[in-house]
Amino acid sequence: QVQLVESGGGLVQAGGSLRLSCAASGRTFSMYAMGWFRQAPGKEREFVAGISRSGGITSYAGSVKGRFTISRENAKNTVYLQMNSLKPEDTAVYYCAAVSRLLGPVVTGTNDYDYWGQGTQVTVSS
C-alpha cells in the first residue's frame, strides 16, 4: 500500500502560479504510475495530468495542456504539479493518485487508480 499527502494548494489570482506536491509513503514509489485529478463543486472528478513510473512519459487534459506540468522525483517519493497561468475555472480540490497495476505507461481513468490523497484546495480568483 501507499499513502499520499498533497500540499501546496491555496488562493491565487488569475494568471498566477502554484506548485502542488504529493508525498508518498513506502519504498516502492517508482512502481506506481501517478496522476493528478480535480473536482469542482457539483462536478465529477476529472483527470488533469498523469506520469509514468520513470517520469519519462506524461499526459495532460486538453484544458490544462501548455499551462500545467507534472513531474516526479522518485528519490524523494514525490510527484509535483506546476500550475501556471491559472484561471478561475481551475478552482477545485486537487487530488493525487497512484496505481501499481500495469495498465499502461500513463493512466488517465479515475476508476483505474487504487490510492488517493485527501486533496488540497486550489482557488483562483478573477
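Residues numbered from 1 in each chain as written. Predicted model: local features only at pLDDT ≥ 70, side-chain atom pairs only at ≥ 80, totals over all residues. Heavy atoms only, no water.

A. Structural detail: the side chain of threonine 120. Among the secondary structure elements, threonine 120 is positioned in strand β11 (residues 120-125). Judged by relative accessible area, which is 10%, threonine 120 ranks as buried. Residue contacts for threonine 120: discarding those within four places in its chain leaves Glu6, Ser7, Gly8, Gly9, Leu20, Ala92, Val93 and Tyr94. (Helix = DSSP H or I, 4+ residues; strand = E, 2+ residues; numbered from the N terminus. Buried < 20%, exposed > 50% of the residue type's maximum accessible area, 1.4 Å probe, protein only. Contact = heavy atoms within 4.5 Å.)

B. Focus on the pattern of salt bridges. Here the structure, examined in full by the defined rule, presents 5 salt bridges. With its nearest N and O atoms 2.7 Å apart, the salt bridge here joins arginine 38 to glutamate 46. Glutamate 46 gets classed as partly exposed once you look at its relative accessible area, which sits at 36%. One salt-bridge network, held together by shared partners, links Arg38, Glu46, Arg67 and Asp90. (Salt bridge = Lys/Arg side-chain N within 4 Å of Asp/Glu carboxyl O.)

Keep in mind that these numbers describe shape and distance, not what the molecule does.
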